[in-house]
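Each chain, written out:
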Amino acid sequence: MDTPAAQAQQPVQWGRVGSLVGGQAAVQLGSFALLIAMNWTAVEIGGTRAVTLLMLAATVPRALMLIFGGAVADTLGPRFVLLRTTAARVLLLAGGALVTATTQSLWPLVVIALVEGVLLGLAGPASGVLLPMFARGDQLARANSLYAMVLRVAPILGAPAGAFLITVGELWLAMVVGAVTGAIWLGCLLHVTHGFVRPEPEPGVSLVKRSGDGFRLLAGNPRLRWMFVAALCLDLAFSWPAEVALPLLVSERGWGVSAVGVVLAAFSVGALGSSAVGAAMAHRIPMFVRLVVTGAGLAAGILVMALMPSVTSLTAVAAGVGLLSGLNGPAIVTLYQQSAPEDRMGAAMSTLSLAGIGAAPLSIAVFSSLSLVLGVQTTWLLCGAIAFVSPLAAVLALRHPARTEQPAPVELPVPAAV
């Protein structure tokens, strides 16, 4: 068995990476199942307005807390943040199971979604800090690809699981599943973060002041700033076509609703496949290829998807876009982590997360409005044009030097009380 000193000298601490990925697989599966179950229950209770209120309660606090969560992670350390937010979420869902088993009202769901959004927003940046601690250099790309595989699989398996739980039981059962998978994640975190100590406090620097660190990093670090632009433009360009325009386009062309599922499944399978390739050999593929070439291919693919004359051709292009996405996404995260200062990694990851979570509602609002004037296909083509900003921004990012990596510690920190 490797000693702590030997583990710290390894390019990848695969034991901890395995616990991190395995725990995320469990909690993400439970989270997606719960999401489907809660949304379906809201539809049954109050229709479109109810589900909109539920989505706002879940997403707005999460986006707002991401900014503050980065400062908390950098100030108190990822172990402190993750153990407490995860334990609180387990208790929240366990209590939610008791409440939803005895009432069919919307307001308990809204409260649960709001509190869960706050907890997930606080925990998000702290989760993003972990992988760079266990994988260094080119091996970080492999670890991020492995992590991305979990995020790809979770909705594929979690969505039908949530539908099944609602079919055979009620919402309280999905809450129980969410609490159990959260407890599994908590157990994995105890192993993953064992030996972590809290950072030394900075005298005179408050959490409120540090909450702006992510934006100060963007202002002062050109490499991070251009990577943020690359991530934001790609998410802006892809969210509306995938979530809104695809069903509209399929309906306009009379292909049937099953075409939507086929196209999205093809994209997911492609992304899952390339994430697996990345987990095995991302370190052997040049960053320029993983980031710029795939980014240009994604933009071209988004354009071409709007022009496809049949379900078969649209499905084939969607699979290709998924293949490119499975390499591009982990590359963006890897370069961002490698470029951020180690003592401000939480703040950096909070802004990157915000680029993804904040882009979706903005994309849907802006492009849905434009489509009323320009039409679905033309607006989709506009999204493809915007996506080309991403590889251009990535080229500009690569022109700026990365931060100098600190030498690996000789031994892990002495365990501290949590």
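Nothing here was measured: the structure is a model prediction, and the numbers come from that model.

Would you mind showing me how to read the pattern of salt bridges here?
Opposite charge on two side chains lets them pair, provided their charged atoms get close. The final tally for this structure, using the stated rule, is four salt bridges. Between R216 and D213 there is a salt bridge, with the nearest N and O atoms lying 2.8 Å from each other. Pair noted here: R216 and D213 are both in helix α8 (residues 213–220), with a separation of three residues, about one helical turn. A salt bridge links D343 to R344, with the nearest nitrogen and oxygen atoms 3.6 Å apart. Looking at R344, the relative accessible area reads 16%, which means it is buried. Sharing partners across several salt bridges, the network here consists of D213, R216, D343 and R344.

Before we go on, may I ask you to explain the domain arrangement of the protein chain in this structure?
Often, the extent of an interface is quoted as the loss of accessible area upon association of its parts. Split by domain assignment, the protein chain resolves into domain 1 (12–194) and domain 2 (209–400). Measuring from the centre of the C-alpha atoms in domain 1 to the corresponding centre in domain 2 gives 22 Å. Across the boundary between the two partners, domain 1 contributes 28 residues, which contact 32 residues of domain 2. Buried area between domain 1 and domain 2, both sides added, is near 2,500 Å², and the carbon and sulfur share of it is 66%. For the pair domain 1 and domain 2, the number of links is zero salt bridges. Counting every contact that joins domain 1 to domain 2 gives seven residue pairs in polar contact (both at pLDDT 80 or more). In terms of residues, the side of domain 1 that touches domain 2 owes the most to one element, helix α5 (residues 139–168), which gives twelve residues. Looking at the side of domain 1 that touches domain 2 residue by residue, the classes come out as 16 nonpolar, seven polar and five charged.

For this particular structure, what's the right way to read the side chain of R344?
Structurally, the position occupied by R344 is in the loop between α12 (311–339) and α13 (345–374). Those residues within four positions of R344 in sequence are excluded, and the remaining contacts are D74, E202, R210, D213 and L217.

Would you mind going over the side chain of S145 with me for this structure?
Turning to its location among the elements, S145 is positioned in helix α5. Apart from residues lying up to four places away in sequence, S145 is in contact with S275, G278, A279, A282 and P330.

Teacher, can you tell me more about the nonpolar core here?
Side chains of nonpolar character tend, in soluble globular proteins, to be buried together. In this structure, L291, M305, Y336 and W380 are the most contacted members of the largest nonpolar core, which totals 49 residues. Broken down by element, the residue count for this core peaks at eleven residues, all from helix α9 (residues 222–252). Beyond its immediate sequence surroundings of up to four residues, Y336 is in contact with L218, L224, M227, F228, A348, M349, T351 and L352. One finds V21, M65, L140 and C188 within the second-largest nonpolar core, a separate group that totals 28 residues.

For this particular structure, what's the right way to read the confidence of the model for the protein chain?
As a general rule, the predicted coordinates of low-pLDDT regions are not to be interpreted in detail. Averaged over every residue, the pLDDT of the protein chain is 85; the share at 70 or more is 92%. Mean pLDDT across the secondary structure elements of the protein chain bottoms out at helix α1 (residues 4–9), with 47, and peaks at helix α15 (residues 389–398), with 96. Across residues 1–8 the pLDDT falls below 50, and counting only partners more than four positions away or on other chains, this stretch makes 13 contacts in the model. Counting interchain partners and residues more than four positions distant, the pLDDT-below-50 stretch residues 404–418 has 24 contacts.

Sorry if this is basic, but what is going on with the packing of aromatic side chains here?
Two aromatic rings are characterised by how far apart their centres lie and by the angle between their planes. Tallied over the full model, the rule gives three aromatic pairs. With a centroid separation of 6.3 Å and an interplanar angle of 50°, the aromatic rings of W240 and F367 are classed as tilted. Taken together, the residues span a long stretch of sequence, with W240 in helix α9 and F367 in helix α13 at a distance of 127 residues. You can call F367 buried: its relative accessible area is 5%. R198 extends its terminal NZ or CZ atom over the ring of F80, reaching a point 4.6 Å from the ring centre.

When you look at the state of the cysteines in this model, what are you seeing that I'm missing?
Note: disulfide means a covalent bond formed between the sulfur atoms of two cysteine side chains. Under the definition given, this model contains zero disulfides. In this structure C233 is not part of a disulfide, and its nearest cysteine sulfur, from C383, lies 11 Å away. The class of C233 is buried, set by a relative accessible area of 12%. Residue C383 is classed as buried on the basis of its relative accessible area, which comes to 0%.

Sorry, what's going on with a nonpolar patch on the surface here?
Taken together, the side chains of L362, V366, L370, L372, V373, L374 and L382 present a nonpolar region at the surface, about 640 Å² in accessible area. Take the nonpolar patch: its biggest share by element is six residues, from α13. For L372, a relative accessible area of 76% corresponds to the exposed category.

Whenever I open this one, the packing of α9 against α13 confuses me. Can you help?
The relative placement of two packed helices comes down to the angle between their axes together with the axis-to-axis distance. Two numbers describe how α9 lies on α13: the axes approach to 7 Å, and their chain directions differ by 45°. Relative to α13, the element α9 is oriented oblique. Note that α9 runs across α13; the crossing there is right-handed. In this structure, α9 contributes F228, A231, L232, D235, L236, S239, W240, E243 and V244 to the contact, and α13 contributes T351, L352, A355, G356, A359, A360, L362, S363, I364, F367, S368 and S371. Split by residue class, the contact of α9 with α13 holds 13 nonpolar, six polar and two charged.

Rules used throughout
- Residues numbered from 1 in each chain as written.
- Predicted model: local features only at pLDDT ≥ 70, side-chain atom pairs only at ≥ 80, totals over all residues.
- Heavy atoms only, no water.
- Salt bridge = Lys/Arg side-chain N within 4 Å of Asp/Glu carboxyl O.
- Helix = DSSP H or I, 4+ residues; strand = E, 2+ residues; numbered from the N terminus.
- Buried < 20%, exposed > 50% of the residue type's maximum accessible area, 1.4 Å probe, protein only.
- Domains from an automatic or database assignment.
- Contact = heavy atoms within 4.5 Å.
- Buried area = accessible area lost by both parts, 1.4 Å probe.
- Polar contact = N/O pair within 3.5 Å; in protein donor to acceptor, adjacent residues only side chain to side chain.
- Nonpolar A, V, L, I, M, F, W, Y, C, P; charged D, E, K, R; others polar.
- Core = buried A, V, L, I, M, F, W, Y, C linked by side-chain atoms within 4.5 Å.
- pLDDT = per-residue confidence, 0-100.
- Phe/Tyr/Trp six-rings, centres within 6.5 Å; stacked < 30°, edge-to-face > 60°.
- Lys NZ or Arg CZ within 6 Å of the ring centre and 35° of its normal.
- Disulfide = S-S within 2.5 Å.
- Patch = residues over 30% accessible without salt bridge, like charges linked within 9 Å, V, L, I, M, F, W, Y side chains within 5 Å.
- Areas by Shrake-Rupley, 256 points an atom, 1.4 Å probe, with all protein chains shown as cover.
- Axes fitted to C-alpha atoms, helices over the stretch in contact; angles between N-to-C directions.
- Parallel < 35°, antiparallel > 145°, perpendicular 65-115°, else oblique.
- Left-handed = near helix turned anticlockwise from the far one by under 90°.

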